[in-house]
Amino acid sequence: MSSLRLFWRTQIGYYLIPALVLLGIVAIEWHKIMALNNGIFSYALDDAYIHLSMAKTLRTGWYGINPGEIASSSSSILWPFLLTPFAYFTLYEKVPLILNIIFSLITLWFFIYIILLAHQPSNTWQKIAMIFLFCLLVFILNLVVLIFMGMEHSLQVLLSVLLVGGLILESRSQHLPWWLAVVIILGPLVRYENLALSVPAIFYLFYRKHYKPTLLISLLTFGSLALFSLFLYYIEQPLLPASILAKSMLGVSGSLFKVFSANLIENLSHIDGISFLLFLLYFALFFIFSYQASNNGPISLVLISAFLLHLIFGKIYSYSRYELYLYAAIWLWLSYLVAGELPQLKEKRIGNSVLLITLSLLVYQYTKVMITLPIAANNIFEQQYQIGLFAKNYLKGPVAVNDIGLVSFNNPNYVLDLSGLGNTDIFKQRVFQKDSSWMNQLVERSDIQLAIIYKNWFHAIPDNWRLLGCMYLSKKRVSTSQGVVYFYATRAKYQPFLVEKLEQFKMKLPTDVVFKAQCGLN
């Protein structure tokens, strides 16, 4: 009991105050989203609803968004399966939000725990400064934005932080925590990008002479991925999820060298990619000039390797979510190093200045993203949510779209994925086939009367389709791919029925959302 009291008196503030900051900002963002969306909650990305739809379909024994049709639309192996047990509950749609809050709190607390291992503040002012820095972690790690994306990224960040924390604990005691093995194995199952951390971590454990555990971890890590690929092969899907193949162009655009070199160039063409590279260079220099460089080298090399692997094989944009797991991992290691060298750091004025500037830039960048979060969620409400309402409540039949998340969620009717996110063959046709005959073939096969699409995603629109109108976002575009969606009747004979339904639909649209019948030529 005395130790618990001591913890409460000396340590609880480090954990409680940052947690309250996180929860407070989550509450503020929730309130803003609900206010903008007329009391209706929506996530900041439509992709969240793809996983929710897949998880509900998994209950029926099918892997995809449409019952009876197999499609590997999810970029995560485990996330849809994790959501499936909750699909029977009324609050199912909010489950990703709740889980992400829990994952983010654990991330924050574990981050704080590791830093306090390296340095315990000795006076009141140091304690206040430490609590302030811990509160900044909410912004530096972009935790709030990840929560409201409704996807697996909060869990991905947690596993990345646990992995680095586990390596730190191993380096201090030469004892391999059992849960570190679990984290290394689970990381790639949550998101394939975590291989960038798991693979170097396996080499680290081998270097540290944990030979038997390393062999077992390697077998389970790569064996579990291989088993999932065999499952996809068994259900007549590509060996990787179609969504990953579509976004990476693997198996679609030339040789592996061509694909990955193009990916590297694309990453470095974005300001986020350049910042990512500069951060890597700064970390490398910090490591080289660290007082403990010889002792800290192996873990630093794990993270440098992970950065380089992600730069080549991963993505570094899309609303600041793809690279955050690595930023979190490297910030934990960097914070641990800095906390352990505080007495010597007083002499490093240039290094301190660079570190402060880097912190300030990250806080500024992710605070900007956080500020736009309610608008991002409102974009989804004004576009995908409204499309879903029309498909489910007015059309009440099959529909063709290029954003399949909210339209398919709780929709008993067939949803055709014209973007090819869950179907590699459709994706190839969309990207490489210059005529539009394939679109006609797909909608005719499924007896689809209506297509709701981004017009410029396609080389051509079928001549027999009839433009019914366009729907416009009322605010700045943040999270949707386009600000305008086009409604097409796939045959002239369907036009009168669809026009009548759209007239009814227009009366129920949010006040600021505009639907125009005359928006351009078909």
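Scroll up to find the structure this text is about.
Notes on the structure follow. (Residues numbered from 1 in each chain as written. Predicted model: local features only at pLDDT ≥ 70, side-chain atom pairs only at ≥ 80, totals over all residues. Heavy atoms only, no water.)

A short note on the overall build of the protein chain
Part 1: Across its full length, the protein chain holds 23 helices and six strands.
Part 2: Look at the contacts in the protein chain between residues 6 or more apart in sequence, and 73% of them connect residues 24 or more apart.
Part 3: As displayed, the protein chain has an accessible area near 23,200 Å², and 65% of this comes from carbon and sulfur atoms. (Helix = DSSP H or I, 4+ residues; strand = E, 2+ residues; numbered from the N terminus. Contact = heavy atoms within 4.5 Å. Areas by Shrake-Rupley, 256 points an atom, 1.4 Å probe, with all protein chains shown as cover.)

Some thoughts on the pattern of salt bridges
Part 1: With the rule as written, the count across this model stands at seven salt bridges.
Part 2: Across the pair Arg321 and Asp47 runs a salt bridge, and its minimum N-O distance is 3.6 Å. Of this pair, Arg321 sits in the loop between α15 (293–313) and α16 (324–340) while Asp47 sits in helix α3 (residues 47–58), and the two are 274 residues apart along the sequence. Taken as a pair, Arg321 and Asp47 share a single burial class, namely buried.
Part 3: Between Glu382 and Lys475 there is a salt bridge, and its shortest N-O distance comes to 3.2 Å. Note that Glu382 is positioned in helix α19 (residues 373–395) and Lys475 in the loop between β4 (466–472) and β5 (484–489), a separation of 93 residues in sequence. (Salt bridge = Lys/Arg side-chain N within 4 Å of Asp/Glu carboxyl O. Buried < 20%, exposed > 50% of the residue type's maximum accessible area, 1.4 Å probe, protein only.)

Some points on the state of the cysteines
Part 1: Within the structure shown, the criterion is met by one disulfide.
Part 2: Disulfide partner of Cys470: Cys519, at an S-S distance of 1.7 Å. Between Cys470 and Cys519, the S-S torsion sits near 90 degrees, and that sign places the bridge as right-handed. With Cys470 in strand β4 and Cys519 in the segment after β6 (514–516), the pair connects residues that are 49 residues apart, well separated along the chain. No difference in accessibility class separates Cys470 from Cys519, as the two residues are buried. (Disulfide = S-S within 2.5 Å.)

A short note on the environment of Val164
Part 1: You can see Val164 is positioned in helix α8 (residues 153–173).
Part 2: Note: C-alpha distance between Val164 and Phe111 (53 residues apart in sequence) is 9.8 Å.
Part 3: With sequence-adjacent residues up to four places away left out, Val164 is seen in contact with Leu303, Ala329, Leu332 and Trp333.

Quick word on unusual backbone geometry
Part 1: Of note in this structure, Asn38 is not a glycine but carries a positive phi near 55 degrees.
Part 2: Here Asn38 lies in the loop between α2 (12–36) and α3.
Part 3: Look at Asn38 and you get exposed, because its relative accessible area is 55%.
Part 4: Notably, Glu236 is not glycine yet its phi reads approximately 65 degrees, a positive angle.
Part 5: The residue Glu236 is located in the loop between α11 (211–234) and α12 (242–248) in this model.
Part 6: Given the relative accessible area of 73%, Glu236 is considered exposed.

Let's talk about the environment of Met370
Part 1: Checked against the element boundaries, Met370 lands in helix α18 (residues 349–371).
Part 2: C-alpha separation for the pair Met370 and Leu143, spaced 227 residues apart in sequence, amounts to 9.3 Å.
Part 3: When sequence neighbours within four positions are dropped, the list of residues in contact with Met370 reads Ile25, Glu29, Phe139, Val144 and Val145.

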